[in-house]
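Each chain, written out:
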Amino acid sequence: MSKFKEKLESGKFVITGEIGPPKGVNIEKCLHDAELLRDYVTAINITDLQSAVLRIGSLAVSSKLIERRIEPIFQLTCRDRNRLALQSDLLSAWALGIENVLCLTGDHPTMGDHAEAKPVYDLDSVQLLKAASTLNQGRDMSDHELDSNPNFFLGAVVTPGAEPMEPQIIKMKKKIAVGARFFQTQAIYEPDKFESFINQVKSLNVPVIAGIVILKSAAMAKFMNENVAGITVPEDIINEMSDTPKEDRKKKAAEITARIIRQVKPLCQGVHIMPLGWDELVPEIIKEVEA
Amino acid sequence: MIVAEQKPLEDIIRMIVPYERVLILGCGTCMTVCDAGGEREVSFLHNALQLAQARSGEGAHTFSEHTVKRQCDPEFLEALGEKTADVDVILSLGCGIGVQAIAEYLPDMPVLPGVNTSFMGMTKESGVWDERCAACGECRLEDTGGICPITRCTKGILNGPCAGVKNGKCEANKDMDCAWILIYQRLERLQQLDKMRRYYPPRNFRAIPRPRRIMSKAETVTGESNG
């Protein structure tokens, strides 16, 4: 049974990590990154062609983690598959031992490196969650019976920093109604705003895992502020990074990340750390937070 | 209306190479309104093709021009009559439907598309047209405050905004409004936010197999009054 599920359902605080599969067939580096995280996280998200850039699939890498007894959270987006393929990949995932699934709409193909591709979106994230819940109940979307059913632990995403906030919460409630049992959020840099979001969704009684992206530089913060939905890195954090000499940036990044985690920890049921390549900082950050 | 853009002149010149006598055929309905292929554009294109031929010194085309009221209606194609008698090809400035209607009506006559048919839309301002309908066959504007998520959301999703909305704009195009934020704002203004709280199931693509056909249930109205 999913340790991730067990921990969340017993009210424990969880830490999850994230790995982006590589472009190409050399998966040693990404498995090595997973090994680095193994002792510090409960489960690791495997992204599904993140930013709509062609890579190895999340199903294959999730399966490789299962072989190594590391628990994956299989990310599944609606961008590239119709309902037949989505349901089939879910059945395949279960057959490979995958239990945790994060259902997303998926970045539009124009964001990635195959901008001319046909966007699919036969289902949206809410409909995908419902489809997966239906499989859990032993039937497919056309109400045909399955020969033995999966029992996925289903999750979804929410953006606490979105403006306006209400459409996000409306959609979050729909996701819960069709089977989302946990939420992972977009990166949090403003604990105050996160707190006001949490206050609005507390009564929904669903575990929220706060997204934490390790900030590598002031330039990255500015880029995200301009281009990434739902992320606002405040000026004081940007200044903290830009005032730090380059050789001390990693140390500073770890310090800022640990501070944000300490601030959000009392508000939610876990943190999801996205190291974006600075994976070696994760153990240090977690030790710092747990100390 | 159907909105189109005229193809680049060099594409049109390349298409007509095998043919000597070219009839440039305009359409008096949508293509006239969207400035892509009405009487005026037919005349401009006629001049442009003649000029290009004179300048290059290549080609020995002769051009004629004509505009029918609607290329998509065989009734109006009858009016073509002998205009097609002495031509080798029709260069249609009708939409994709017009081109195909001519191809069906004149089985022995080659027909070339002079425009790229783009979408069904409305006039935003003079010279600007915006797409508004995807002809999905299952109109849901009742539930979405009169704003179509299938057309105006780049992902065509049905249950609210994706995580890609920033400052009310779409992740795929920062100049484009997020359809779901527009829907949210309008439903809120109409005090109908409950419509957004409902679950909308996946679309039924079986209900809209391509190509589609509609048979009139009312008595057929003939004549030009429906133009």
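Residues numbered from 1 in each chain as written. Chains lettered and ligands numbered in written order. Predicted model: local features only at pLDDT ≥ 70, side-chain atom pairs only at ≥ 80, totals over all residues. Heavy atoms only, no water.

Asks: Tell me about the overall build of chain B, and name the residues and values.
Replies: Looking only at helices and strands, one finds eight helices and nine strands in chain B. Taking 17 Å as the expected radius of gyration for a compact globule of 227 residues, we find that chain B reaches 22 Å, considerably beyond that expectation. Overall, chain B is about 65 × 45 × 30 Å in size when its C-alpha atoms are taken along their principal axes. Contacts spanning at least 24 positions in sequence make up 58% of the contacts within chain B whose residues lie at least 6 apart. Of the accessible surface of chain B, which amounts to about 13,000 Å², a share of 50% is contributed by carbon and sulfur atoms. (Helix = DSSP H or I, 4+ residues; strand = E, 2+ residues; numbered from the N terminus. Rg over C-alpha atoms; globule rule 2.2 N^0.38 Å. Contact = heavy atoms within 4.5 Å. Areas by Shrake-Rupley, 256 points an atom, 1.4 Å probe, with all protein chains shown as cover.)

Asks: How would you explain the sheet that holds strand 1 (residues 2–6) of chain B if you had to name every residue and give the values?
Replies: Residues and elements named next belong to chain B. In space, the three strands of this open sheet follow the order 1-6-7, with antiparallel pairing throughout. The open sheet has two edge strands, strand 1 and strand 7 (128–133), and neither has a second partner. Strand after strand, the sheet turns through a mean of 70 degrees between neighbouring axes, direction not considered. In the sheet, strand 1 pairs with strand 6 (residues 115–125) via five bridges, with the strands oriented antiparallel. If you follow Gln6 over to strand 6, its bridge partner there is Val115. (Pairing = 2+ DSSP bridges. Axes fitted to C-alpha atoms, helices over the stretch in contact; angles between N-to-C directions.)

Asks: With reference to specific residues and values, describe the sheet that holds strand 4 (residues 89–92) of chain B.
Replies: Across a sheet, paired strands are connected by hydrogen bonds in the backbone, their directions being either parallel or antiparallel. Residues and elements named next belong to chain B. Read from one edge of the open sheet, four strands run 3-2-4-5, paired in parallel fashion. Edge strands, defined here as strands with exactly one partner in the open sheet, are strand 3 (62–68) and strand 5 (111–113). Mean inter-strand twist for the sheet, computed between neighbouring axes without regard to direction, equals 25 degrees. Judged from the four bridges that link them, strand 2 (residues 21–27) and strand 4 form a sheet pairing that is parallel. Across the sheet, residue Val22 finds its bridge partner in strand 4, namely Val89. Across the sheet, helix 1 (residues 9–16) lies against strand 2, strand 3, strand 4 and strand 5, angled at about 165 degrees from strand 5, the strand it touches most.

Asks: Report on the interface of chain B and chain A, specifying residues and quantitative values.
Replies: Each side of the interface is counted separately: chain B has 28 residues, and chain A has 32 residues. For the pairing of chain B and chain A, the buried interface totals around 2,400 Å² over both sides, and the portion due to carbon and sulfur atoms is 56%. It is Lys155, Lys166 and Tyr199 of chain B in chain B that bury the most area against chain A; as a group they hold 25% of the surface buried on that side. Counting every contact that joins chain B to chain A gives one salt bridge. Taken together, the links from chain B to chain A amount to 20 residue pairs in polar contact (both at pLDDT 80 or more). When residues of the side of chain B that touches chain A are traced back to their parent elements, those giving at least two are helix 7 (179–189) and helix 8 (194–197) of chain B. Per-element tally for the side of chain B that touches chain A: the top contributor is helix 7 of chain B, with three residues. (Buried area = accessible area lost by both parts, 1.4 Å probe. Salt bridge = Lys/Arg side-chain N within 4 Å of Asp/Glu carboxyl O. Polar contact = N/O pair within 3.5 Å; in protein donor to acceptor, adjacent residues only side chain to side chain.)

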